[in-house]
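Descriptive structure summary
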Amino acid sequence: MAAVSDFFSLGSVVWCRTCYNKEVEGEVLAFDPQTKILILSEKDPLVHVLKFPVSSLTRFAECLSSSGDPKLNDVHFINLSLVSELKVKKEVTSTPEPPQSLNLQRLNTRVRNQVDEKKRMLQAISANVSSEGQSLFIAIAKTINEVRWRNSEIVIWNHEVIISPPYQLENIRGNTTSKGYSYIRKVVEKHMKDLALNSQNSPSSVCQNSSQ
């Protein structure tokens, strides 16, 4: 672990390398010395905070702006106990402007969603099924919490809908007149279309088409 300062000035620019060999550089938004959680913004922050309890954040997590909106910032929550290198590139000594509040509820929701997504991926991989089954399970689990594996079958809700290998439309079982069945069928149809589209746009497909 890199040497950790007892204090980081708000607005200072810090660079660090995590134990996962990921480099992060940004402007200091907040630092909690008790949990050693440092919050960095990659761009000039629109939202500032001084200090707030973050004792629940004991692992390294990221809350990234995926919209591409230049008004939004990429914010990193970094556990300094998992950092191998750390440098203060720009030290701010002046008194910063009065900070605005940070939407903690939204940040906690993003962290929770990322954790849930990782759990779904691990559950799909540990099922020891085909890659088609794993990707379909993840696609369904993004919108439905009540989904699980029963051997190689995907079971949704209380056995209301079941999908068997090889996980095609004809492998969906359930009450065909129910709304749940119709919804799952639409999810499977969209997933299959997305897979076909991605396959067509893959580099290997482009190379094959160009060589013909």
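Residues numbered from 1 in each chain as written. Predicted model: local features only at pLDDT ≥ 70, side-chain atom pairs only at ≥ 80, totals over all residues. Heavy atoms only, no water.

**A few points about the pairing of strand β7 (residues 147-150)**
Formally: The rule is simple: take the accessible area with a 1.4 Å probe, protein chains only, and divide by the maximum for that residue type; under 20% is buried, over 50% is exposed, in between is partly exposed. The helix and strand labels rest on DSSP assignments: H or I over at least four residues marks a helix, E over at least two residues marks a strand, and numbering proceeds from the N terminus. The pairing criterion is simple: DSSP has to find at least two bridges between the two strands.
Because side chains alternate across β7, one face comprises the buried residues V147 and W149, and the other comprises R148 and R150, none of which is buried. In textbook terms, the turn of a hairpin is the stretch between consecutive antiparallel strands, and for β7 and strand β8 (residues 153-156) this stretch comprises two residues, one of which, N151, has a positive phi near 60°.

**Remarks on the packing of helix α1 (residues 104-126) against helix α2 (residues 131-141)**
Our working rule: As a rule, the C-alpha atoms of each element are fitted with a line to give its axis, helices using only the stretch in contact, and angles between N-to-C directions run from 0 to 180 degrees. Working definition: roughly parallel below 35 degrees, roughly antiparallel above 145 degrees, roughly perpendicular at 65 to 115 degrees, and oblique for all remaining angles. Handedness of each helix crossing follows the sense of rotation of the near helix against the far helix: counterclockwise by less than a right angle gives left-handed, clockwise gives right-handed. Should any heavy atoms of two residues lie within 4.5 Å, those residues are counted as being in contact. Amino acid classes used here: Ala, Val, Leu, Ile, Met, Phe, Trp, Tyr, Cys and Pro are nonpolar; Asp, Glu, Lys and Arg are charged; the rest, including Gly, are polar.
Orientation of α1 relative to α2, taken along the N-to-C sense of each, is 150°, at an axis distance of 9 Å. In terms of axis orientation, α1 runs roughly antiparallel to α2. Here α1 and α2 pass one another in a crossing that is right-handed. Contact residues: α1 offers E117, R120, M121, Q123, A124 and I125, while α2 offers Q134, F137, I138 and A141. Across the contact of α1 with α2, the residue classes tally to six nonpolar, two polar and two charged.

**Concerning the sheet that holds β7**
The four strands are arranged β7-β8-β9-β10 in an open sheet whose pairing can be described as antiparallel. Either end of the sheet is taken by a strand with one partner, and the two such strands are β7 and β10 (172-174). With strand direction ignored, the average angle separating the axes of adjacent strands in the sheet is 25°. Pairing of strand β9 (residues 161-163) with β10 involves three bridges; the strand directions are antiparallel. Each residue of the ladder has a partner; that of I162, found in β10, is R173.

**Focus: the nonpolar core**
A general tendency of soluble globular proteins is for nonpolar side chains to be buried together. Heads up, the condition is: Think of a nonpolar core as a cluster: buried Ala, Val, Leu, Ile, Met, Phe, Trp, Tyr and Cys residues, connected wherever their side-chain atoms sit within 4.5 Å.
In terms of nonpolar packing, the biggest core is built from 21 residues, with I140, I154, I156, I163 and I184 touching the most fellow members. Elements with a contribution of two residues or more to this core: α2, β7, β8, β9 and α3 (179-201). A per-element tally of this core places α2 first, with five residues. Excluding anything up to four places from it in sequence, I140 contacts V147, I154, I156, I163, I184 and V187.

**Topic: the confidence of the model for the protein chain**
Condition: Within a predicted model, pLDDT stands for the predictor's per-residue confidence, ranging from 0 to 100.
Looking at the protein chain as a whole, its pLDDT mean stands at 77, while 73% of the residues score no less than 70. Confidence scores differ between elements of the protein chain, with strand β4 (residues 61-63) showing the lowest mean pLDDT of 40 and β9 the highest of 95. Taken as a whole, residues 44-64 scores under 50 in pLDDT and shows 67 contacts with residues more than four places along the chain or in a different chain.

**Concerning the packing of aromatic side chains**
Applicable threshold: We call Phe, Tyr and Trp rings a pair once their centres come within 6.5 Å, taking the six-membered ring for Trp, and we label the pair stacked below 30 degrees between planes, edge-to-face above 60, and tilted otherwise. In this scheme, the term charge over a ring applies when either NZ of a lysine or CZ of an arginine sits within 6 Å of the ring centre and within 35 degrees of the ring normal.
Tallied over the full model, the rule gives three aromatic pairs. When the centroid spacing of 4.8 Å and the interplanar angle of 80° are considered together, the rings of F8 and F31 count as edge-to-face. One end of the pair, F8, is in the segment before β1 (13-18); the other, F31, is in strand β2 (residues 23-32), and 23 residues separate them in sequence. As far as burial versus exposure is concerned, F8 and F31 are alike and both buried. Plain terms: the ring middles of W149 and Y167 are 6.3 Å apart, the flat faces sit at 85° to each other, and that makes the pair edge-to-face. Of the two residues, W149 is situated in strand β7 and Y167 in the loop between β9 and β10; the sequence distance between them amounts to 18 residues. By relative accessible area, which is 14% here, W149 ends up buried. Judged by its relative accessible area of 5%, Y167 is buried. Every member of this aromatic cluster is reached through a ring pair, and the members are F137, W149 and Y167. K87 extends its terminal NZ or CZ atom over the ring of W15, reaching a point 5.5 Å from the ring centre.

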